[in-house]
Every structure is written in C-alpha cells, then in structure tokens.
Amino acid sequence: MKAIRRFTVRPVLPDPLRPLSDLARNLRWSWHAETRELFQAVDPETRRTAECDPVRMLGAVSAGRLAELARDEQFLHRLTEASEDLRDYLEGPRWYQERLERGARLPSAVAYFSPEFGVTAALPQYSGGLGILAGDHLKAASDLGVPLVGVGLLYRHGYFRQSLSRDGWQQEHYPVLDPNELPVTLLREADGTPSRVVLALPGGRSLHAHIWQARVGRVPLLMLDSDVEENAPGEREVTDRLYGGGSEHRLLQEMLLGIGGVRAVRTYCRLTGHPEPEVFHTNEGHAGFLGLERIRELSGTGLDFDSAVESVRAGTVFTTHTPVPAGIDRFDRELVARHFGDDGELPGVAVERVLQLGTETYPGGEPGLFNMAVMGLRLAQRANGVSTLHGAVSREMFAGLWPGFDPAEVPITSVTNGVHAPTWVAPEILRLCDPGGNAPGHRDPATGVPDRELWDLRRTLRARLVTEVRERLRASWRSRGAEPAELGWIDDVLDPDVLTIGFARRVPSYKRLTLMMRDRDRLRELLLHPARPVQIVVAGKAHPADDGGKRLVQELVRFSDDPRVRHRIVFLPDYGMAMAQKLYPGCDVWLNNPLRPLEACGTSGMKAALNGCLNLSVLDGWWDEWYEPDFGWAIPTADGAAQDEDRRDDLEAGALYGLIEDRIAPRFYDRDGAGLPGRWIEMVRRTLGTLGPKVLADRMVGEYVERLYAPAACARRALDDPAAARRLADWKARVRAAWPRVAVDHVEAAAPTAADGSAELGSSLTLRVRVALGVLEPADVEVQAVAGRVDAADGISDARTFPLKPAGGQDLEGRWLYEGPLALDRTGPYGYTVRVLPAHPLLATGAELGLVALPAEVAGDGAGVLMR
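Residues numbered from 1 in each chain as written. Predicted model: local features only at pLDDT ≥ 70, side-chain atom pairs only at ≥ 80, totals over all residues. Heavy atoms only, no water.

Enquirer: What exactly am I supposed to notice about the overall build of the protein chain here?
Expert: A tally of regular secondary structure across the protein chain gives 27 helices and 27 strands. By the burial criterion, 58% of the 868 residues in the protein chain qualify as buried. Across the protein chain, every contact between residues at least 6 apart in sequence was considered, and the portion connecting residues at least 24 apart equals 72%. When the accessible surface of the protein chain is summed, it comes to about 34400 Å², and 49% of that surface belongs to carbon and sulfur atoms. (Helix = DSSP H or I, 4+ residues; strand = E, 2+ residues; numbered from the N terminus. Buried < 20%, exposed > 50% of the residue type's maximum accessible area, 1.4 Å probe, protein only. Contact = heavy atoms within 4.5 Å. Areas by Shrake-Rupley, 256 points an atom, 1.4 Å probe, with all protein chains shown as cover.)

Encoded structure:
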C-alpha cells in the first residue's frame, strides 16, 4: 500500500546528547575525522564513515541505544571535546580575521552563487566538477574564516543515480529527497513562518520558494526550493532536478538562482544580522541574473539603469569554467523577453536594456540568442578562468567583447582551482604528512618518513580500494540481474600488489573515456603482462540526454565484462563523492586524457596527487601549469592532427600505451633488495611535498580574496555614493560618444640607430606623438607605446607598454603632443606602435570599455618601426 501523506519523525535526544544535533547539522563533520569517528561510535554498524550521514543516523538509532550513550562517561567526554572543538572553530579568529587586524581592506562579506554544491554525499546537490569545486570553495573559505555566504538551489531529485542494464547501458534513477531528512534547516521569520522569496512570472503568475540553510563550517549555504504549496504544479517542479527540463525550465531555474538568490541573501542577513555582502561572486553564467536583481534594488534608490550597472559591476566577480562555447547556457531572446519587463521581473526597466546585456554582438555571434556568460562578463568588472591555460583560452573565446585588443589583453585573469585536502585525503596520508593532520605540504614527506613506511601505506590504501571495488562490483552485477552463484569470480578482481590506474569523471566526448581502448589487443597485453601487469578502475556518468556518452560507457563496460580481462579492468557505476574518496588514495596513477585544451582545470588529478598518486595526463588544465617529471608523466599530444580526429586519437593512444609499457610499469616494478621501488617512492614524496601545497583550496580561496574580492570591495565602496556611480556612467557615455574622433595622427622617434637601421640593446628611443582627442581631455585618456618582438607579419608578441606623457597644450590643429622614452630591452626583431585608451581611476583595466585608437597605418609616419 502507498501512504497518503509523508512526514518525518525526529528523534528526541536525551539532554546529555543534545550537542550531537549541532554536530550533525554542521557539515564540518564531513571533513573532520574526529567528529565522523564520534558518530560512528553512535552506531557501530556504520562501516563507511565517508558515507555516514549523522542526520539519518540519529533518526534511525534506537531509544535504548541513545539512553545507553547518555550514561557512557567515555562517550560523553568525547562528545564534549568535539562540541567545544566545533565552537572554537566557528568563533575563533582565523586567517581572514588576522588579515583584517593587520589593516587589510577586505569585504565585509561575499555572496558566492553556484547552480550546484558538492559538500558531502549526504547532501547530493552536485553533478560533477563545478559542484565539487563550489563545495571545496565553501569549505576552504570556512577554514580561512572568509565571511562567505553560499547560494544555490535545493533539488528534490538531486542529480541522477546511475546503474547499468545487463548489456551495459546506463540507466538513470531520480530518488526523491526529503529536506527534513537532509542536514539542512528551513529559514524562518521571527514568528516561525517559513521565509520565502517570490518571483513575478508572465501572466500574473508567481514563483514562490522556501530557503533551506546548510551550515558548512562557518559558512551558511542558502538553497532555494520551489516545491511549496503556493506554486502551481509547473512552478513546483522548477527545482525538481539538477540540469533537467527544457529551455524555459532552465531559464526559470537560473532566474530563481540569480534573482531569488539575492533576495534570499537579503532575507538571511535581515534575520540573522549577518553583514550584507559587498562582493557577489558568480560561479559560471547560470547565476548571472543576480546582477539584474541588484540593478533593480539600486533603481529603488533613484539610480538610473546605466549608473546602477556601474555600481553592480564594481562589486561583481565572474568565474567562467568552460573552454567551449557549447558549454554556455544560451536562451532565445524572445523567451527571455517574456520573463522581464512590466509583465514579469524588473518592471519599469525596458526589456531591450536587459537583452542588450546578453546579446552576442561580436563577429560570429548569434543575435537571436541571449548568452548567460556574456551577461556575466558585462556585469562583472573582474573575471577569471580556472587555470592559467584556461584563462588564455577564455581570453581567446571572449575576445570579441573587447574589439581592438589582442587576446592577451582581454581582461580575464585566472585563478587556478584547488581542492580541499581534509575532504579528499585519506586520514593516514594526513597523519603521515603532518602529525597534526594538516594538508600535504605542511611537512615535507621527503624527510623523516622511511621508504618502507611510505610504501606499506600505499599498499594498505590500494588493498582497501580492492575491497571497495569488489563490494561495489558485486552490487552492480546483482542490479544487472546476475545471481550470486555467477559472481564467484569477483573475489579475484584486482590485486593489491598490481599497479593500479584510476580514471573517473563525467563522460562528455572530449574527456575520451575510451581512448585507452583504441588498440584493444595492446590494452589486453598491458593488463595481462606476466611480469608487469596493470589494473584499471574506471567510473563516470554520462548526461541523461547524451546518448553518445552512454555508448562510450557501454563500450567500456562490455570490454570490462570480458572474462579474459575482467579481473584487471572494472567499471563502477554511480560515481560520486563517496566513491571518489576511496578511489583517489587507492590508485597509483591517475589518468586524464582530454582533447587539449578542452579541460578547464581537471581537479580530480589534484585530489589524487594529495594522496600520493602520480598523474598521467595530457598537458591541459592545471597539469599544463604545474607538470614536472617528479610528479608524473605528460601524454604527448598530436595537435598537428587536430583536423583528423581518428588519427589524433590513434597517435595519442599510442603515446599513452608507450608511457605505461616503457616508463610507468617498469618504474613501479623496479624493486631493490628490500622489495621497494625507490625511484617510484621518490616521485610520491615529491608529489606530496612539492606539488601538494600548490593544489590546495586554501591557496585558491586566498588568491580570490587578495586578487579579486578585495579589489572588488574597494571598487564597490568607491561607488557607495549614488552621485559617484552617476558620474562614472556619464563619463563612460561621454567617452563612447566621443571616441570616433580620437586618433593617433603622427608618430616620430629620435633613435640612436646605426646606419643599417639597427639599435643597440639597452639604448632607448624618444617618441613624440600627436593625438586628436576631439572633445575629450588628456585626463580622459592614456597614450601608450606598445613594443615587443615581431614576427614575419610584423605582429607584436610578448608586448610591454610604455606610458607617454603630455608635453604641452594643443597645437593649432587641436592635436595634443605626448612624449616618452621607449627602452630597447631585448634583442632580435623588435617593433612598436602607439595607441590611445580611455583612462579613469575607477576602471580596472584600460581595456574595460573595449575602446582603443591606433595609428591609421601601422607602418606610416614612423609607427610600427622595426629594428633588428
């Protein structure tokens, strides 16, 4: 029979055990080993502490067991210590507070918006790397004391659970999540009624949402839930599942995240007294509508649209995570138009002004589409990619928004992602690297830890993975319809003494799940080598709508089902955080073979590295930035064969096989008299001690604070006075209107050149430039010489800029004279040109407006002179 009504019965904890509730409701337990161990003691039957959900556990434990614990003095002592430790963690000063005490100008608070957050398996609100990164960002911010407020959506079905059919086809399941059984609480008004946000929809309809709060250490995470009685059936389903539904469904999700998210933050701050955020961080374009809501707020203070845009931009940071245009959400302009204006959100604001923010105005853009990343960039004064290479790719991809500038000068910087070590590192590795349990890198394992101890630990973790794989594989085969009598072979799957390679991630085509299978005979030889065998553990989910990705999964599953190799290669369905936390420590090598440069960062290899696992990867994302032979191996790429995908895959697969055959397996199995692979162990040491500190989320969040949040807060404060925002908007409008009359009219140089036209290293040129400014004044612009090496087409690379200064007033023709030296600081073919940029104290960069004036002819009047 089916119940007609569902509700949750909460346990009543005896008074001595009341602190357990606070410990369970704060997700710090997910990365704090001592607290997890305490909850494991509550229910000794819990075997997987990484998957342990204290909220569910307390709801299931018997009253008798609770009464027993309430009399257990040893347990109560541990409970008191854990409770006091949490209080000290939440209330004590940390890195951020120390920076404030030293006089740093930092924001009072930061609001961090993301469509998904991977904090713990007990709160399944993530699909892949974006959500895991967002969860690590919150946890690192908490550890550092950064006053962050996370904002997302609460999906009643989360992301799908994955299983396999008998023939290896991916199947999706969407279990219903009851918020009352999750580690979240409903935000309520002072009178006890649930707080809510409301969005206006076309036709007089409304979208209501409750606000659920999760405590991520010191950081509140606010999640909006549209499954409330006031909504019509269609609106109740807006937050049904992550990345589900059609275009309008996705648009409503992103409006609720951005617009509703800002309203949720305002509600939370009103009810709790939390400082109002000075900086808003948009983690990918999904949350870009938050800028429109803040514009609406400012319009209520009397600011016009353009002035409000300037104020919003100053305090906004936008992070892009995709290296391909196809990864960006784009909506039909007419669909967006229906949801804004007088019949929707932002009444009183012309719909065309909203649409202009997301219009692809650059060459090749689609004028009929509304681009969420384009809007995010236009409403953020500061933007970044998530690795050095991805920053360069992003500057190329979005260069059309800044016409006239080389991609290198597009104002998109990079902050390379990091990972939260306490979440992803095996406790044994943490204790090995630092007896205090700090992240790898706090104590260099290159000193003080004997080879035998390090190698024995690596085998222990590998053996633990073997046990985990066998359990999961048996469960998978049972769900595929196999009988227990058929599965005796699983007891021999994998070997704790065999070189173990891991590959686990989402399954879009560019990640090339099946590259390892390009030559199946060669792969079998690797797996079954009589002296140097290899075993491979694979996991990953294809998007439910991606049949191509599902075919890749099926192809690999069918290969791994082959009785000849199934003890050496396995595919584990339902990849998620709990599985990942066992995979990373147990693997010896982490494989990553995307099509370069389509991997924005690729943090799974970072998590593996923090556990002493060596990376085997294409030079893409973070590996391109920090690869050294001490840390692993770089898979050579066949970039010259990029137009022939089959040939490229063949070449790169061959390089992968060669590395494993000739370098990786021989090094792993090269043992000394004591049975230790000395050269391998040394690479593990280098990975833990040298690479480890670079890949930490603490480093990442610290960079965001210093390089993006703090400057954004200062820029926002400079526009606190509405008159200042109006002046900036008026200045920009005046400059844009006047720019067609700005020109570089004449350039001349007095150069100490030889008769053959060359110049000596260390000498300098004296430049004299005449520019026309029209109605603008010298204070409105900066005149620069741009110089560097030149190629055969006279293109300048590795450029440096040299400011030129005004030298007197206007001449009879109304032109202004500028002068300055140009230092010749490098040898070889060298050239320069001159340009004029807008200049204002409140601009983040000279490229911000996308305006530049160059000489009419690069080679005319002395501009662009080449020297050799």
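Enquirer: Would you explain the sheet that holds strand E15 (residues 499-504) in this entry?
Expert: As a general point, the strands of a sheet are linked pairwise by backbone hydrogen bonds and lie either parallel or antiparallel. Here six strands make up an open sheet; going across it, the order is E17-E16-E15-E18-E19-E20 and the pairing parallel. The open sheet has two free edges, formed respectively by strand E17 (569-572) and strand E20 (632-635), since each of these has just one partner strand. Between one strand axis and the next, the sheet turns by 20° as a mean value, whatever way the strands run. Of the strand pairs in this sheet, E15 and strand E18 (residues 589-592) are connected by two bridges, and their pairing is parallel. Pairing of Ile501 across the sheet is with Val589, part of E18. Against the sheet, helix H18 (residues 451-479) makes contact with E15, strand E16 (534-539) and E17, and its axis sits at roughly 60° relative to E17, the strand it touches most. Its contacts with the sheet place helix H20 (residues 547-560) against E16 and E17, and it is angled at close to 135° to E17. (Pairing = 2+ DSSP bridges. Axes fitted to C-alpha atoms, helices over the stretch in contact; angles between N-to-C directions.)

Enquirer: Please explain the packing of aromatic side chains as it appears in this structure.
Expert: Both the distance between ring centres and the angle between the ring planes are used here to describe each pair of aromatic rings. One pass over the structure, following the stated rule, counts 18 aromatic pairs. Ring-pair connections join several aromatic residues into one group, and the members of that group are Trp455, Trp633, Phe668, Tyr669 and Trp680. The residue whose ring lies beneath Lys541 is Phe160, and the NZ or CZ to ring-centre distance is 4.9 Å. (Phe/Tyr/Trp six-rings, centres within 6.5 Å; stacked < 30°, edge-to-face > 60°. Lys NZ or Arg CZ within 6 Å of the ring centre and 35° of its normal.)

Enquirer: Would you explain the pairing of strand E7 (residues 206-216) in this entry?
Expert: Remark: a regular strand shows side chains that alternate across the two faces of the sheet. Within E7, nine of the 11 residues are buried, which leaves it mostly tucked inside the rest of the structure. Of the pairings in the sheet, the one linking strand E5 (residues 185-186) to E7 comprises two bridges and is antiparallel in character. Residue pairing in the sheet places Leu186 in a bridge with Trp212 of E7. Here strand E6 (residues 196-200) folds back onto E7, and the loop between the two strands holds five residues, one of which, Gly203, carries a positive phi near 75°. Here E7 pairs with strand E8 (residues 219-225) via seven bridges, running antiparallel. Residue pairing across strands places Arg215 opposite Pro220, the latter belonging to E8.

Enquirer: Explain helix H11 (residues 305-314) to me, please; I cannot follow it from the model alone.
Expert: Think of an α-helix as 3.6 residues a turn; residues three or four steps apart then line up on the same face. Buried residues dominate H11, accounting for nine of its 10 residues. By the burial criterion, the buried members of H11 are Phe305, Ser307, Ala308, Val309, Glu310, Ser311, Val312, Arg313 and Ala314. Taking the backbone nitrogen of Asp306 as reference, a side-chain oxygen 3.1 Å away marks Asp304 as the first, capping residue of H11. (Polar contact = N/O pair within 3.5 Å; in protein donor to acceptor, adjacent residues only side chain to side chain.)

Enquirer: Please explain the pattern of salt bridges as it appears in this structure.
Expert: When their charged atoms lie close together, side chains carrying opposite charge are able to pair. Under the definition given, this model contains 67 salt bridges. As a salt-bridge pair, Asp624 and Arg596 come within 3.1 Å of each other at their nearest N and O atoms. Taken together, the positions of Asp624 in helix H23 (residues 621-626) and Arg596 in the loop between E18 and helix H22 (604-610) put the pair 28 residues apart, joining distant regions of the chain. A residue is classified by how much of its surface remains accessible, and Asp624, at 30% relative accessible area, is partly exposed. For Arg596, a relative accessible area of 26% translates into the label partly exposed. What you see here is one network of salt bridges that share partners, running through Arg512, Asp639, Arg648, Asp649 and Glu652. (Salt bridge = Lys/Arg side-chain N within 4 Å of Asp/Glu carboxyl O.)

Enquirer: Explanation requested: empty space enclosed by the protein in the structure shown.
Expert: Sizing a probe to match a water molecule and rolling it over the atoms shows the empty space that remains. Applying the stated criterion to the full structure yields eight cavities of 30 Å³ or more. Within this model, the largest cavity holds a volume of roughly 80 Å³. Residues belonging to the lining of the largest cavity are distributed by class as follows: eight nonpolar, two polar and three charged. (1 Å grid on protein atoms, 1.4 Å probe; cavity = no way out; pocket = protein on both sides within 12 Å on 5 of 7 lines; lining within 4 Å. Points joined across faces, edges and corners; volume = space filled by probe spheres on them. Nonpolar A, V, L, I, M, F, W, Y, C, P; charged D, E, K, R; others polar.)

Enquirer: Which parts of the structure should I look at to understand unusual backbone geometry?
Expert: For residues that are not glycine, phi is negative in most cases, and the peptide bond is trans in most cases. In the segment running from Arg596 into Pro597, the intervening peptide bond is cis, with an omega of 5°. Note that Pro597 resides in the loop between E18 and H22. Positioned with a positive phi, Arg512 is a non-glycine residue whose angle comes to about 55°. Despite not being glycine, Asp798 shows a phi value in the positive range, around 50°. Structurally, Asp798 can be placed in strand E24 (residues 796-810). For Asp798, a relative accessible area of 52% corresponds to the exposed category.

Enquirer: Would you explain the side chain of Thr514 in this entry?
Expert: Summarising the element assignment, Thr514 is placed in the loop between E15 and helix H19 (520-527). Beyond its immediate sequence surroundings of up to four residues, Thr514 is in contact with Leu552, Glu555 and Leu556.

Enquirer: Is there a simple way to think about the nonpolar core in this case?
Expert: Burial of nonpolar side chains together is a common tendency in soluble globular proteins. Counting residues in each nonpolar core, the largest one holds 103 residues, and the members touching the most others are Leu499, Met516, Ile536, Leu616, Trp633, Ile664 and Trp680. Setting aside residues up to four positions removed in sequence, Ile536 forms contacts with Ile501, Met516, Leu523, Leu527, Arg568, Ile569 and Val570. Counting residues in hydrophobic clusters, the runner-up holds 59 residues, among them Ala111, Leu187, Phe305 and Leu346. (Core = buried A, V, L, I, M, F, W, Y, C linked by side-chain atoms within 4.5 Å.)

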